[in-house]
Amino acid sequence: MMFNKALLLAPFASLVSAGVFIAGFSDNTCNSGVGGTLISTNGGCHIFNTPYNRIQVAGGGSDSCFVELFYNRDCTNFVPSRVGPVNNPNLGGCIGPFPVAGGGFSSPVRSARIINCPT
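Residues numbered from 1 in each chain as written. Predicted model: local features only at pLDDT ≥ 70, side-chain atom pairs only at ≥ 80, totals over all residues. Heavy atoms only, no water.

Topic: the overall build of the chain
To keep it simple, the criterion reads: Strands are runs of DSSP state E lasting at least 2 residues, helices are runs of H or I lasting at least 4, and numbering of each runs from the N terminus. Relative accessibility thresholds used throughout: buried, under 20% of the residue-type maximum; exposed, over 50%; partly exposed, between the two (1.4 Å probe, protein chains only). Between two residues, a contact is recorded if the distance between any of their heavy atoms is within 4.5 Å.
Assigned secondary structure in the chain consists of 1 helix and 8 strands. Counted from the first residue to the last, the chain has its helices and strands arranged as α-β-β-β-β-β-β-β-β. Within the span of the chain, comprising 119 residues, buried residues form 33% of the whole. In the chain, the share of contacts with a sequence separation of at least 24, taken over all contacts with a separation of at least 6, comes to 65%.

A closer look at the confidence of the model for the chain
The condition is simple: A residue's pLDDT is simply how confident the predictor is in it, with values from 0 to 100.
Confidence along the chain averages 82 in pLDDT terms, with 84% of residues attaining 70 or more. Confidence over residues 1-16 falls short of pLDDT 50; this stretch has 1 contact with residues more than four positions distant or in other chains.

Some words on the sheet that holds strand S1 (residues 20-25)
As a reminder, the rule being used: Strands are treated as partners if at least two bridges between them are detected by DSSP. A fitted line through C-alpha atoms represents every axis, and for helices the fit uses only the stretch in contact; the resulting angles, taken between N-to-C directions, go from 0 to 180 degrees.
If you trace the 3 strands from one edge of the open sheet to the other, you get S2-S1-S4, paired in antiparallel fashion. Among the strands making up the open sheet, the edge pair consists of strand S2 (33-39) and strand S4 (54-59). Strand after strand, the sheet turns through a mean of 20° between neighbouring axes, direction not considered. Here S1 pairs with S2 via 6 bridges, running antiparallel. By the bridge assignment for S2, Phe 21 is matched with Leu 38.

Re the nonpolar core
Put simply, the rule reads: In this description, a nonpolar core means a group of buried Ala, Val, Leu, Ile, Met, Phe, Trp, Tyr and Cys residues linked to one another through side-chain atoms lying within 4.5 Å.
In this structure, Val 20, Ile 22, Ile 55, Val 57, Val 67, Leu 69 and Val 109 are the most contacted members of the largest nonpolar core, which totals 21 residues. For this core, the secondary-structure elements that each account for two or more residues are S1, strand S3 (46-52), S4, strand S5 (66-70) and strand S8 (109-115). Broken down by element, this core gets its largest block of residues, 3 residues, from S8. Residues in contact with Val 57, not counting those within four places in the same chain, are Val 20, Phe 21, Ile 22, Val 83, Val 86, Leu 91 and Ile 95.

Some details on the state of the cysteines
The condition that has to hold: Two cysteine sulfurs form what is called a disulfide whenever their separation falls within 2.5 Å.
By the definition in use, this model includes 3 disulfides. For Cys 30, the disulfide goes to Cys 94, at an S-S distance of 2.1 Å. Residues Cys 30 and Cys 94 are joined through a disulfide that is right-handed, its torsion about the S-S bond being 80°. Remark: Cys 94 occurs in the loop between S5 and strand S6 (98-99) and Cys 30 occurs in the loop between S1 and S2; sequence separation between them is 64 residues. Shown here is the disulfide that connects Cys 65 with Cys 117, its sulfur atoms set 1.9 Å apart. Judged by the sign of its S-S torsion, about 85°, the bond between Cys 65 and Cys 117 is right-handed. You can see Cys 65 sitting in the loop between S4 and S5 and its partner Cys 117 sitting in the segment after S8, a full 52 residues away along the chain. Accessibility classification places Cys 65 together with Cys 117 in one group, the buried group.

Below you can see the structure in the form of C-alpha coordinates.
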(Lines give C-alpha, C1' and ligand atoms only; values in the text may rest on other atoms or scores of the structure.)
Protein backbone atom coordinates (compact mmCIF):
# COMPACT_ATOMS: atom_id res chain seq x y z
CA MET A 1 0.00 0.00 0.00
CA MET A 2 1.39 3.45 -0.97
CA PHE A 3 1.02 6.47 1.31
CA ASN A 4 1.33 10.10 0.38
CA LYS A 5 3.95 11.46 2.82
CA ALA A 6 2.67 15.01 2.47
CA LEU A 7 -0.78 13.92 3.62
CA LEU A 8 0.68 11.97 6.54
CA LEU A 9 2.74 14.96 7.74
CA ALA A 10 0.09 17.63 7.11
CA PRO A 11 -1.50 17.38 10.61
CA PHE A 12 1.90 18.05 12.20
CA ALA A 13 2.83 21.05 10.05
CA SER A 14 0.95 23.45 12.33
CA LEU A 15 2.96 22.20 15.32
CA VAL A 16 6.26 23.39 13.83
CA SER A 17 7.16 26.96 14.75
CA ALA A 18 10.11 29.24 14.23
CA GLY A 19 11.36 31.56 16.91
CA VAL A 20 13.00 31.11 20.30
CA PHE A 21 12.02 28.91 23.22
CA ILE A 22 12.89 30.23 26.69
CA ALA A 23 12.83 27.83 29.65
CA GLY A 24 12.63 29.48 33.07
CA PHE A 25 14.03 28.25 36.38
CA SER A 26 13.54 29.26 40.00
CA ASP A 27 16.94 28.06 41.24
CA ASN A 28 20.51 29.12 40.44
CA THR A 29 21.49 25.88 38.65
CA CYS A 30 18.61 25.44 36.16
CA ASN A 31 17.29 22.31 37.86
CA SER A 32 13.91 23.60 39.07
CA GLY A 33 11.87 24.52 36.01
CA VAL A 34 8.99 26.93 36.52
CA GLY A 35 7.81 27.40 32.95
CA GLY A 36 8.68 28.14 29.40
CA THR A 37 7.51 30.18 26.46
CA LEU A 38 7.91 30.08 22.70
CA ILE A 39 8.36 33.55 21.23
CA SER A 40 7.60 33.43 17.51
CA THR A 41 7.30 37.12 16.61
CA ASN A 42 9.99 39.80 16.66
CA GLY A 43 9.62 42.89 18.79
CA GLY A 44 6.52 41.98 20.77
CA CYS A 45 6.55 41.82 24.56
CA HIS A 46 6.06 38.30 25.95
CA ILE A 47 5.21 38.07 29.64
CA PHE A 48 6.38 35.04 31.62
CA ASN A 49 3.74 33.30 33.75
CA THR A 50 6.13 33.33 36.68
CA PRO A 51 9.43 35.19 37.28
CA TYR A 52 12.59 33.43 36.06
CA ASN A 53 15.81 33.54 38.13
CA ARG A 54 17.75 31.72 35.38
CA ILE A 55 16.94 30.77 31.78
CA GLN A 56 17.95 28.43 28.98
CA VAL A 57 17.25 29.28 25.35
CA ALA A 58 16.88 27.27 22.15
CA GLY A 59 16.11 28.10 18.54
CA GLY A 60 17.16 31.21 16.75
CA GLY A 61 18.27 30.16 13.30
CA SER A 62 20.33 33.28 12.65
CA ASP A 63 23.56 34.90 13.82
CA SER A 64 21.59 38.12 14.28
CA CYS A 65 18.88 36.61 16.54
CA PHE A 66 18.96 37.90 20.14
CA VAL A 67 16.73 37.84 23.21
CA GLU A 68 16.12 41.00 25.22
CA LEU A 69 15.08 40.41 28.84
CA PHE A 70 13.19 42.71 31.19
CA TYR A 71 12.81 42.93 34.96
CA ASN A 72 9.16 43.96 34.74
CA ARG A 73 6.11 42.53 32.99
CA ASP A 74 5.66 45.24 30.35
CA CYS A 75 9.09 45.12 28.65
CA THR A 76 10.18 48.57 29.81
CA ASN A 77 12.85 47.86 32.49
CA PHE A 78 15.58 46.40 30.25
CA VAL A 79 18.30 44.00 31.44
CA PRO A 80 21.40 45.79 30.10
CA SER A 81 22.74 42.92 28.02
CA ARG A 82 21.21 40.82 25.23
CA VAL A 83 21.30 37.02 25.11
CA GLY A 84 22.68 35.62 21.88
CA PRO A 85 23.09 35.08 19.14
CA VAL A 86 20.59 32.38 20.08
CA ASN A 87 21.86 29.82 17.55
CA ASN A 88 25.45 30.02 18.89
CA PRO A 89 26.37 26.51 20.12
CA ASN A 90 28.48 28.08 22.91
CA LEU A 91 25.40 29.79 24.37
CA GLY A 92 23.95 26.64 25.94
CA GLY A 93 23.62 26.14 29.64
CA CYS A 94 22.17 28.07 32.50
CA ILE A 95 21.99 31.85 31.89
CA GLY A 96 21.87 34.28 34.80
CA PRO A 97 22.08 36.10 37.15
CA PHE A 98 21.12 39.18 35.14
CA PRO A 99 23.20 42.38 35.32
CA VAL A 100 21.80 45.69 36.50
CA ALA A 101 22.81 49.03 34.96
CA GLY A 102 25.45 50.61 37.19
CA GLY A 103 26.85 47.26 38.34
CA GLY A 104 25.75 44.31 40.38
CA PHE A 105 23.17 41.65 39.60
CA SER A 106 19.45 41.30 40.06
CA SER A 107 16.80 38.78 39.31
CA PRO A 108 14.29 37.62 38.35
CA VAL A 109 13.24 38.53 34.81
CA ARG A 110 9.53 38.77 34.01
CA SER A 111 9.28 39.37 30.25
CA ALA A 112 11.23 39.16 26.99
CA ARG A 113 11.23 39.89 23.29
CA ILE A 114 13.20 38.53 20.35
CA ILE A 115 15.07 40.70 17.86
CA ASN A 116 16.05 39.82 14.26
CA CYS A 117 14.99 36.16 14.52
CA PRO A 118 13.53 34.12 11.65
CA THR A 119 9.84 33.59 12.38
